[in-house]
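What the coordinates show
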Amino acid sequence: MYDVAVVGAGLIGSACAKYLRGKKLSVALVGPTEEQGALGSCYDEGRIYRIADPDKVWADLAEASIQRYKAIEDAAGEAFFEEVGCLIVGDPSLDWIHRIRRTLAAFGTEGKDFFALDGKAAIEAEFSFLRLPAAQWLGLWQPKRAGHLSPRRLAQLQAELCTRSGADVFHTQLEGVQRTPGGWSLRLADSQIEARKVLLAAGAMTSWLWERPLDVKHQTSQAILYEVSAESRHKLEKMPVMIINGPADPQERWYILPPIQYPDGRCYLKMGYDGDALNKILQTQEEVTSWLRAKEINPELLLVAGEAKSSLFPSVKFTGRESRIVCITDQTKPNEQGQRRPYVDFLHAGLGVATGGNGWAAKSSDHIGWLASEMMSSDSGWATDAETLRRFPKALFQAQYKTNSAL
Ligand SMILES: Cc1cc2nc3c(=O)[nH]c(=O)nc-3n(C[C@H](O)[C@H](O)[C@H](O)COP(=O)(O)OP(=O)(O)OC[C@H]3O[C@@H](n4cnc5c(N)ncnc54)[C@H](O)[C@@H]3O)c2cc1C
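From a predicted model like this one, the values you see are computed outputs, not experimental measurements. (Residues numbered from 1 in each chain as written. Predicted model: local features only at pLDDT ≥ 70, side-chain atom pairs only at ≥ 80, totals over all residues.)

Concerning the overall build of the protein chain
In terms of helices and strands, the protein chain carries 10 helices and 20 strands. C-alpha atoms of the protein chain, sized along the principal axes, occupy 65 × 45 × 45 Å. Buried positions account for 43% of the 407 residues belonging to the protein chain. The long-range fraction of contacts in the protein chain, counting pairs at least 24 apart against all pairs at least 6 apart in sequence, stands at 73%. (Helix = DSSP H or I, 4+ residues; strand = E, 2+ residues; numbered from the N terminus. Buried ≥ 20, exposed ≤ 12 C-beta atoms within 10 Å, placed from the backbone. Contact = placed C-beta atoms within 7 Å.)

With respect to the domain arrangement of the protein chain
We note that the domain assignment places domain 1 (2-44 + 151-215 + 336-397) and domain 2 (86-143 + 217-332) within the protein chain. Taking only C-alpha atoms, the centre of domain 1 and the centre of domain 2 are 29 Å apart. Split into classes, the residues belonging to the side of domain 1 that touches domain 2 amount to five nonpolar, seven polar and four charged. (Domains from an automatic or database assignment. Nonpolar A, V, L, I, M, F, W, Y, C, P; charged D, E, K, R; others polar.)

Focus: helix α2 (residues 56-66)
With nine of 11 residues buried, α2 lies mostly within the body of the structure. Along α2, the residues that are buried comprise Trp58, Ala59, Asp60, Leu61, Ala62, Glu63, Ala64, Ser65 and Ile66. Of the surrounding elements, those touching the buried residues of α2 are β3 (47-49), α3 (69-76), α4 (95-107), α9 (365-377) and α10 (386-391).

Section: the site of the ligand
What surrounds the ligand is a group of 40 residues, the closest being Gly10, Gly40, Gly203, Cys327 and Gly357. Where the shell around the ligand is concerned, the elements lending two or more residues are α1 (11-22), β3, β13 (216-228) and β18 (318-332). At four residues, the largest contribution of residues to the shell around the ligand is made by β18. Of the residues assigned to the shell around the ligand, the class counts are 23 nonpolar, 15 polar and two charged. Looking at which domains feed residues into the shell around the ligand, each of domain 1 (2-44 + 151-215 + 336-397) and domain 2 (86-143 + 217-332) supplies at least three. (Near = placed C-beta within 6 Å.)

So, the packing of α3 against helix α6 (residues 151-164)
Running from amino to carboxyl end, α3 crosses α6 at an angle of 60 degrees, the nearest separation of the two axes being 10 Å. The angle between the axes of α3 and α6 places the two elements in the oblique class. By crossing handedness, the relation of α3 to α6 is classed as left-handed. In this structure, α3 contributes Ile72, Ala75 and Ala76 to the contact, and α6 contributes Leu157, Glu160 and Leu161. (Axes fitted to C-alpha atoms, helices over the stretch in contact; angles between N-to-C directions. Parallel < 35°, antiparallel > 145°, perpendicular 65-115°, else oblique. Left-handed = near helix turned anticlockwise from the far one by under 90°.)

Brief notes about the pairing of strand β2 (residues 27-30)
Covered by surrounding structure in β2 are Val27 and Leu29 together with Ala28 and Val30, the residues of both alternating faces. Relative to β2, strand β1 (residues 2-7) runs parallel, the two sharing four bridges. The residue of β2 that forms the bridge with Val4 is Val27. For the handedness criterion, the β-α-β arrangement of β1, α1 and β2 is classed as right-handed. Two strands pair when backbone bridges link them, and β2 and strand β9 (residues 168-170) are joined in this way by three bridges, in the parallel orientation. (Pairing = 2+ DSSP bridges. Right-handed = clockwise from strand over helix to strand, strands pointing away.)

A closer look at the environment of Trp382
As for its position among the elements, Trp382 is in the loop between α9 and α10. Taking the number of C-beta atoms within 10 Å as the measure of exposure, Trp382 has 18 and is therefore partly exposed. Apart from residues lying up to four places away in sequence, Trp382 is in contact with Glu374, Met375 and Lys394.

Concerning the environment of Asn335
Within the secondary structure, Asn335 sits in the loop between β18 and β19 (343-348). When the 14 C-beta atoms within 10 Å are taken as the criterion, Asn335 is described as partly exposed. Separated by 213 residues in the primary sequence, Asn335 and Ala122 place their C-alpha atoms 37 Å from one another.

Some remarks on the nonpolar core
Of all hydrophobic cores here, the largest spans 111 residues; its most connected members are Val6, Val7, Cys16, Leu199 and Ala372. The biggest single contributor to this core is α1, with seven residues. The contact partners of Leu199, leaving out residues within four places of it in the chain, are Val4, Val6, Val7, Cys16, Gly352, Ala354, Ala372 and Met376. (Core = buried A, V, L, I, M, F, W, Y, C linked by C-beta atoms within 7 Å.)

Some remarks on the sheet that holds strand β8 (residues 147-149)
The three strands are arranged β3-β8-β4 in an open sheet whose pairing can be described as antiparallel. Each edge of the open sheet is held by one strand with a lone partner, namely β3 and β4 (81-82).

A short note on the packing of α1 against α9
It is the contact of α1 with α9, at a shortest axis distance of 7 Å, that shows an interaxial angle of 50 degrees. With respect to α9, the element α1 is oriented oblique. The way α1 lies across α9 gives a crossing that is right-handed. Seen from α1, the contacting residues are Leu11, Ile12, Ala15, Cys16, Tyr19 and Leu20; seen from α9, they are Ser365, Asp366, Ile368, Gly369, Trp370, Ala372, Ser373, Met376 and Ser377.

As structure tokens, this is what we get:
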């Protein structure tokens, strides 16, 4: 019998399993590989990492993780992130950009660690490849502790560190979990294992692994990759990751990553759409699975993204080769201030959950995994050090349910 079985070998699950092994517990990590058809949000090459966030809790989760990136690389012997900096551009009449400015001020000094660029001309002077639409803009530029990471590689490296430290990895699906007198029995696609405790960390699929449904909304998420021509690549050499929140629709954001090499060997600039208008909410596991497998992007989004790309980067030549990324975000219930946080909590004695990345957790997955490992291993059910209790009190991560039905 294992001390803990972690279900989901994605970003949060593999980080958690690594930390549990560090505490000398016997650990099983359960989840298929990408080649075996795993459905997760980590099977891509580019995710933005930044502490620039309107929500200080997400910024803290990111900061705690980012400071360990180098150690993960050193331990695994492979690189997974690139510090290219982050430029956030927003409409100054919206609170969003000012909240990010306050977060940045909590971590550093304006004019030294991050820079405010007031207006279109100031932003374009700093980033010559960029042309913003005519409007009021405020830019926040953070050159350090920000950039992009490969979520695919990070998940692989974390799982590799688990294996090296002696965890057993089962490359298969969990099909059901049941209470037993001594703990839990996990029915896997091709075998059965027993564990004293179980952590469900299966990303968007977590909602359907336990009988009491979590309050999680599953929203489609879409991005387009545009291949940059070889002669234009030098123009984007100093391109940071970018997030643009314009006056046209305050609910809509573009997140943009500089050209990154994809497994086909080509370099693509990624334009991701973050908004409600061109996305939809999926209700059932079948809907989520078929959306992920079909990989069909909203045609209107293709059009809008193409126009945005041409107007933001008019001097950059693209080859015309494109690729689409179709994904899911698992959105947790907003608290009274409207903030959505991950759920790191017990659903039942000995059955924990760490999920609800909300489309933002790749960068923060190491620390969310660490918090889950503390929850699963300590007598009190949470970390007890003063720093964690101050920055990450347990109440922030309490799971919310769709119904109040008792177990
Ligand atoms: C298009 C897109 C862009 C994003 N951009 C960013 C970004 O720029 N920056 C950022 O920080 N975050 C970003 N995110 C969010 C980030 O990728 C997710 O929050 C993160 O991957 C969540 O980690 P997770 O471990 O919860 O889930 P995942 O990484 O999705 O892992 C879940 C794992 O569980 C496995 N699983 C599912 N069901 C089972 C089962 N029954 N049995 C066993 N295993 C199972 C899956 O195969 C998968 O391996 C983005 C997400 C999307 C969709």
